[in-house]
Amino acid sequence: MTNIEVMAWLVVVVNSITLYLTLKKIWWVPILGLIQEIPWAILFWMGEGTYPLLVLVVVYSILYIMNIKKWYKERDVKRKQQTT
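Residues numbered from 1 in each chain as written. Predicted model: local features only at pLDDT ≥ 70, side-chain atom pairs only at ≥ 80, totals over all residues. Heavy atoms only, no water.

**Let's talk about the pattern of salt bridges**
Summed over all chains, the structure comprises 1 salt bridge. Across the pair Glu74 and Lys25 runs a salt bridge, and its minimum N-O distance is 3.0 Å. Of this pair, Glu74 sits in helix α4 (residues 51–83) while Lys25 sits in the loop between α1 (3–23) and α2 (29–35), and the two are 49 residues apart along the sequence. (Salt bridge = Lys/Arg side-chain N within 4 Å of Asp/Glu carboxyl O. Helix = DSSP H or I, 4+ residues; strand = E, 2+ residues; numbered from the N terminus.)

Quick look at the structure:
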């Protein structure tokens, strides 16, 4: 296996774990997801003709940023409800 293939498989495993945790709606998972987009971007720069991968990195990053805002807002509302 080449270094790119090993890195790709590693990123796929981390991405799968992130997806599983996202379904459990754990508040810090979008931050992890946003961070794990960095290796995907590196894979894009290492590969040739991988422009669809770049599109995926951009779309996922936007979705993670949107979820960070949404989930933090929901978390704050829940905390306020618990204290009252």
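There's plenty left to go through after this.
**A look at the nonpolar core**
Within the largest apolar cluster, 6 residues are counted, these being Val11, Trp40, Leu43, Phe44, Leu53 and Val57. When residues of this core are traced back to their parent elements, those giving at least two are α3 (37–46) and α4. Of the residues forming this core, the biggest block, 3 residues, is contributed by α3. If we skip the residues at most four places from it in the chain, Leu53 touches Trp40, Leu43 and Phe44. (Core = buried A, V, L, I, M, F, W, Y, C linked by side-chain atoms within 4.5 Å. Buried < 20%, exposed > 50% of the residue type's maximum accessible area, 1.4 Å probe, protein only. Contact = heavy atoms within 4.5 Å.)

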